[in-house]
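Listed below are the residues making up each chain.
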Amino acid sequence: MHIEVVTLFPEMIHAALKPGVLGRAVERGLVRVGCEDPRGHTQDVHRTVDDRPYGGGPGMVLKPEPMTAAIDAAVARLPAGSPRVYLSAQGVPFTQALAKEFSTLPGLLLVAGRYEGLDERVIESRIDREVSIGDYVLSGGEFAALVVIDAVARLIPGVLGDDRSAVEESFDSGLLDWPHYTRPVEFEGRKVPDVLQGGHHADIQRWRLKQAVARTWLRRPDLVAKGGLPAGAAELLEEFLAEREGEEHG
Ligand code: 4F9
């Protein structure tokens, strides 16, 4: 997969792609990431990329000319039809489903803004989807672009070890993950749950699903409402809630 990032800080992108799983994926040629800096597409001596907003107010807006020139240069390197994505807090939520969709594509353009963001006309003429990684404001779109790159790259066949790629992932079920433990069996007075120490696979799976459902219900009721619960999960939630009720009155 070929990803291009339009950014005023290419070094942020390149630095983040060196270590770990992502760095290895780039080294092995499974993912190719290029950057295009709008500052290289300025014409004035000061290499100006921003200007004051029409209508007044604080903050600066990215000038359309260098941004569109940078976008066009990056798009020219990508396979035809690669989606052009702008990272902004005004975008639609980035989800595991969207990561999966992107991971099947040969190419992807990510545009990272700074300041108050892009001139709306650039969004209209050059952007296919405006995407947000969460309800907070960043100082620029670079970290958001990196979040997208990470979530997408690890879904590309070969990027993760075969053992991990086959594993059912947390959000595939629409639930949060269950708790994990490793040795020692007791740490700072806290024991690994007994069920995980016995080798009874069915009991372990049942315990894990119950934990996942309980956590999701407690921490992310929006996920329970949206997806409904997977097969067998509703009963486990009832069981969990009944035990909880028992603890309160016991
Ligand atoms: C981008 C916030 C994506 C959330 C870009 C300031 C952003 C963002 N998701 N905030 N520039």
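How each quantity is defined
- Residues numbered from 1 in each chain as written.
- Predicted model: local features only at pLDDT ≥ 70, side-chain atom pairs only at ≥ 80, totals over all residues.
- Heavy atoms only, no water.
- Core = buried A, V, L, I, M, F, W, Y, C linked by side-chain atoms within 4.5 Å.
- Buried < 20%, exposed > 50% of the residue type's maximum accessible area, 1.4 Å probe, protein only.
- Helix = DSSP H or I, 4+ residues; strand = E, 2+ residues; numbered from the N terminus.
- Near = heavy atom within 4 Å.
- Polar contact = N/O pair within 3.5 Å; in protein donor to acceptor, adjacent residues only side chain to side chain.
- Nonpolar A, V, L, I, M, F, W, Y, C, P; charged D, E, K, R; others polar.
- Domains from an automatic or database assignment.
- Salt bridge = Lys/Arg side-chain N within 4 Å of Asp/Glu carboxyl O.
- Pairing = 2+ DSSP bridges.

> Can you break down the nonpolar core residue by residue, with the values?
One finds Ile3, Val5, Phe94, Leu110 and Ile149 to be the most contacted residues of the largest nonpolar core, which totals 29 residues. Listed by contribution, the elements that provide at least two residues to this core are strand S1 (2-6), helix H2 (20-27), strand S2 (32-36), strand S5 (84-93), helix H4 (96-103), strand S6 (107-112) and helix H6 (142-153). The element contributing the most residues to this core is H6, with 8 residues. Counting 16 residues, the second-largest nonpolar core is a separate cluster that includes Val6, Leu62, Leu78 and Val111.

> Talk me through the site of the ligand; I want residue IDs and the actual numbers.
Close contacts around the ligand come from 13 residues, with Ser88, Ser132, Ile133, Tyr136 and Leu138 the closest. Backbone polar atom of Leu138 to a nitrogen atom of the ligand: 3.0 Å apart, as the coordinates give it. The element best represented in the shell around the ligand is S5, accounting for 3 residues. Grouping the amino acids of the shell around the ligand by side-chain chemistry returns 8 nonpolar, 5 polar and no charged.

> Before we move on, can you summarise the domain arrangement of the protein chain with the specific residues and values?
Split into domains, the protein chain comes out as domain 1 (2-153) and domain 2 (186-249). Taking only C-alpha atoms, the centre of domain 1 and the centre of domain 2 are 39 Å apart.

> An account of the pattern of salt bridges is needed here, citing residue identities and associated values.
Under the defined criterion, the tally for this structure stands at 14 salt bridges. Its salt-bridge partner being Glu4, residue Arg77 comes within 2.8 Å of it at the nearest N-O pair. Of this pair, Arg77 sits in helix H3 (residues 64-77) while Glu4 sits in strand S1; the two residues are 73 residues apart in sequence, bridging distant segments of the chain. In this structure, Arg77 engages Glu36 in a salt bridge whose closest nitrogen and oxygen atoms are separated by 2.8 Å. With Arg77 in helix H3 and Glu36 in strand S2, this pair connects stretches of sequence that are 41 residues apart. Look at the salt bridges and you will find they share partners, linking Arg206, Lys210, Glu239 and Glu243 into a network.

> Break down the environment of Glu27 for me, citing the residues and quoting the values.
With respect to the helices and strands, Glu27 occurs in helix H2. Residue classification places Glu27 among the exposed residues on the basis of a relative accessible area of 69%. The spacing of Glu27 and Leu17 is 10 residues in sequence and 9.7 Å in space, taken between C-alpha atoms.

> Please give an account of the pairing of S5 that cites residues and values.
Direction of pairing for S5 relative to S6: parallel, over a ladder of 4 bridges. Following the sheet pairing, Tyr86 is matched in S6 by Val111. Pairing of S5 with strand S7 (residues 129-132) involves 5 bridges; the strand directions are parallel. Bridged to Tyr86 within S7 is Glu130.

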